[in-house]
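Next come the chains, spelled out residue by residue.
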Amino acid sequence: MSTLTFLGHDAFTVEHEGNHLVFDPFISGNPVATVDPTVIKADFVLLTHGHGDHLGDGIEIAKANDAVVIAPFELATYCGNRGCEVHPMHIGGSHEFAFGRVKLTIAHHGSGADLGGDALAYMGNPCGFLLTLGGKTIYHAGDTGLFLDMKLIGELNSIDIALLPIGDNFTMGIDDAVRAVDFLKPKLVVPMHYNTFEVIQSDPKDFKEKVEQKGVHVRILKAGESMDF
Ligand code: NI
Ligand code: MN
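Procedures and definitions
Residues numbered from 1 in each chain as written. Chains lettered and ligands numbered in written order. Predicted model: local features only at pLDDT ≥ 70, side-chain atom pairs only at ≥ 80, totals over all residues. Heavy atoms only, no water. Pairing = 2+ DSSP bridges. Helix = DSSP H or I, 4+ residues; strand = E, 2+ residues; numbered from the N terminus. Axes fitted to C-alpha atoms, helices over the stretch in contact; angles between N-to-C directions. Contact = heavy atoms within 4.5 Å. 1 Å grid on protein atoms, 1.4 Å probe; cavity = no way out; pocket = protein on both sides within 12 Å on 5 of 7 lines; lining within 4 Å. Points joined across faces, edges and corners; volume = space filled by probe spheres on them. Nonpolar A, V, L, I, M, F, W, Y, C, P; charged D, E, K, R; others polar. Right-handed = clockwise from strand over helix to strand, strands pointing away. Donors = N, O, S within 2.8 Å, 3.2 Å for Na, K, Ca; no water. Core = buried A, V, L, I, M, F, W, Y, C linked by side-chain atoms within 4.5 Å. Buried < 20%, exposed > 50% of the residue type's maximum accessible area, 1.4 Å probe, protein only.

Q: How would you sum up the sheet that holds strand β5 (residues 68-72)? Please name residues and give values.
A: The seven strands are arranged β6-β5-β4-β3-β2-β1-β14 in an open sheet whose pairing can be described as mixed. Both edges of this open sheet fall to β6 (85-89) and β14 (226-228), since each of them pairs with a single strand only. Neighbour-to-neighbour, the strand axes of the sheet open up by a mean angle of 20°, direction not taken into account. With six bridges joining them, strand β1 (residues 2-8) and strand β2 (residues 11-16) adopt antiparallel strand pairing. Residue pairing for β2: Gly8 is matched across the bridge by Ala11. Each of β5 and β6 touches helix α3 (residues 73-81); the most contacted strand, β5, lies at about 145° to it.

Q: Just give me the short version of the layout of surface pockets, but keep the residues and values in it.
A: Taking a probe equal in size to a water molecule and rolling it over the atoms shows the remaining empty space. As a volume, the largest pocket reaches approximately 180 Å³. Around the largest pocket, the lining residues are Ile91, Gly92, Lys103, Leu104, Thr105, Ile106, Leu130, Asp149, Leu152, Ile153, Leu156 and Asn157. In terms of residue count, the dominant contributor to the lining of the largest pocket is strand β8 (residues 101-106) (four residues). Residues belonging to the lining of the largest pocket are distributed by class as follows: seven nonpolar, three polar and two charged.

Q: Go over the pairing of β6 with me, naming the residues and quoting the values.
A: The two faces of a sheet get side chains in turn, since along a regular strand they alternate between them. Here five bridges tie β5 to β6, and the two strands are oriented parallel to one another. Bridge assignment links Val68 to a residue of β6, and that residue is Glu85. For the segment spanning β5, α3 and β6, crossover handedness is right-handed.

Q: Give a detailed account of the coordination of the nickel ion (ligand 1), specifying residues and quantitative values.
A: Within the protein, His49 (NE2), His51 (ND1), His109 (NE2) and Asp143 (OD) serve as the donor atoms for the nickel ion (ligand 1), at 2.1 to 2.3 Å. Here the donor residues of the nickel ion (ligand 1) share one chain and are spaced in sequence as H-x1-H-x57-H-x33-D. In this structure, the nickel ion (ligand 1) lies 3.2 Å from the manganese ion (ligand 2), and both are coordinated by Asp143. Within this pair, whereas His51 is found in the loop between β4 (44-46) and α1 (52-55), its partner His109 is found in the loop between β8 and β9 (127-133), the two being separated by 58 residues in sequence.

Q: Give a detailed account of the coordination of the manganese ion (ligand 2), specifying residues and quantitative values.
A: Those donors, Asp53 (OD), His54 (NE2), Asp143 (OD) and His193 (NE2), are the protein atoms that reach the manganese ion (ligand 2), and they lie 2.1 to 2.2 Å from it. Motif for the manganese ion (ligand 2), donor spacing along one chain: D-H-x88-D-x49-H.

Q: Which residues make up the nonpolar core, and what values go with them?
A: One finds Leu4, Val14, Ile70, Phe99, Val102, Leu131 and Ile161 to be the most contacted residues of the largest nonpolar core, which totals 28 residues. When sequence neighbours within four positions are dropped, the list of residues in contact with Phe99 reads His16, Asn19, Leu21, Phe44, Ile70, Leu131 and Leu133. Core analysis: the next-biggest nonpolar cluster, separate from the first, contains 24 residues, Leu130, Leu164, Met172 and Phe183 among them.

Have a look at this one:
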């Protein structure tokens, strides 16, 4: 059995057979996070892109836990240069880890980080993650707009849980995320990237109603809430 825990925004942990995976751990400065970042256990930290609300506490958590950062090459290099153990990957590539398989998907978004200088730091392309472990597949879409290749992702993978942004403005809003569900054909959807900030206010119950009309279940997780899968 595995456990998925929502930490708020796009941050999730997955626990599977003693392995602790952490996705996009934006905890410090996250108004909806309820956990202390120093108590998060991690063997692997998976980062979709370099924006502050995704990289978040990733470097600190990875270093405190001697965890491996899994990220697109440029972002992984950035973390490696700051003392993290890293496993760089890139879009379309997959790799078998001790806990299971990780494949990087495209995400239509940006990935620059504002480090305070004149130019943004280049962090390569953003990604999504397909994670297969214990016979189950989870798709963490990262920050992305709707894209037609989601149809291919849905054809090539039997997705048990899709973690999809619904907050609009920076990512898909509700109607595009409903269309994404048509393309991906997951068994269960968990909405993310909404209501963290004023500009991404979105009603997860509206999303749930629209998706469940199509016969796909939606689980709205509160920050700090877990579910087994
Ligand atoms: Ni972003
Ligand atoms: Mn974001």
